[in-house]
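Notes for the structure review
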Amino acid sequence: VRKGHDILADIFNKAFRPDDKVQLKVLASESWSTEQEQEDWVRFYKETPMGKNIQFVMGVPSQHDVVKIMQSADAGIFPSRAEGWNLELLEMMACGKPVISTGYGAHLEFCNNENAHLVYPEDIEPAADGKFFFGQGNWAKLDEKEINEFAEKMRNVYENWAFNTEGVKTAAKFTWKNSAKTLVNILTCENCKESV
């Protein structure tokens, strides 16, 4: 629910019709989900008008395989209610793919209107999904208005696809090497007079 998987099928069904030449690939190999929960999610998506256009990719054997999937995609959509960072979104940017994302939380640390198609939620609500979150904090409230905006942006990206040059530039700032350099600078306190 935090990642917006509960609304993604609705977004996809509002954006497209069954005869559109589109496919939604859902990478959903979460080790903490039971087999029954995974079957329920698949059924939830498949029992929609666009169900035949939805493919679940589970148990991807390696990061190299994840990269191949990302490179084969036309875009990435991330309707998250809350994020600590969202490395997957940044990885899609690194592949030059257009990204559609919630304009909330950690996404705003690296997403902007130049490198992402953002949907800004109007409100927040208690973070509660009945499994991991039980109201200990807030997250973005994604109602019909936001679902419709996500659908419009998804359709727009489909009809007006363009390589995400700004996303590639953004991702280049956050390479593992650059992140390690920043961490070393903080730990060695090169920019301060006192040692840590």
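Scroll up a little and you will see the structure.
These remarks concern the structure in this document.

A word on the packing of helix H4 (residues 87-94) against helix H6 (residues 165-173). Running from N to C, H4 and H6 cross one another at 120°; their axes reach a closest spacing of 7 Å. Taken together, the axes of H4 and H6 lie oblique to each other. Crossing of H4 against H6: the hand is left-handed. On the side of H4, the interface is formed by Leu-90, Met-93 and Ala-94, while H6 contributes Gly-167, Val-168, Thr-170 and Ala-171. Classifying every residue of the contact of H4 with H6 gives five nonpolar, two polar and no charged.

In this section: a nonpolar patch on the surface. A cluster of nonpolar residues, Leu-183, Ile-186 and Leu-187, forms a patch on the protein surface that exposes about 310 Å² of accessible area. As for its position among the elements, Ile-186 is in helix H7 (residues 176-188).

Turning our attention to the environment of Pro-18. Looking at the secondary structure, you find Pro-18 in the loop between helix H1 (5-15) and strand E1 (24-27). For Pro-18, a relative accessible area of 36% gives the class partly exposed. Separated by 30 residues in sequence, Pro-18 and Thr-48 have C-alpha atoms that sit 9.9 Å apart. Once you skip the residues sitting within four places of it in the chain, Pro-18 turns out to touch Pro-49, Met-50, Lys-52 and Asn-53.

Definitions and cut-offs
Residues numbered from 1 in each chain as written. Predicted model: local features only at pLDDT ≥ 70, side-chain atom pairs only at ≥ 80, totals over all residues. Heavy atoms only, no water. Axes fitted to C-alpha atoms, helices over the stretch in contact; angles between N-to-C directions. Helix = DSSP H or I, 4+ residues; strand = E, 2+ residues; numbered from the N terminus. Parallel < 35°, antiparallel > 145°, perpendicular 65-115°, else oblique. Left-handed = near helix turned anticlockwise from the far one by under 90°. Contact = heavy atoms within 4.5 Å. Nonpolar A, V, L, I, M, F, W, Y, C, P; charged D, E, K, R; others polar. Patch = residues over 30% accessible without salt bridge, like charges linked within 9 Å, V, L, I, M, F, W, Y side chains within 5 Å. Areas by Shrake-Rupley, 256 points an atom, 1.4 Å probe, with all protein chains shown as cover. Salt bridge = Lys/Arg side-chain N within 4 Å of Asp/Glu carboxyl O. Buried < 20%, exposed > 50% of the residue type's maximum accessible area, 1.4 Å probe, protein only.

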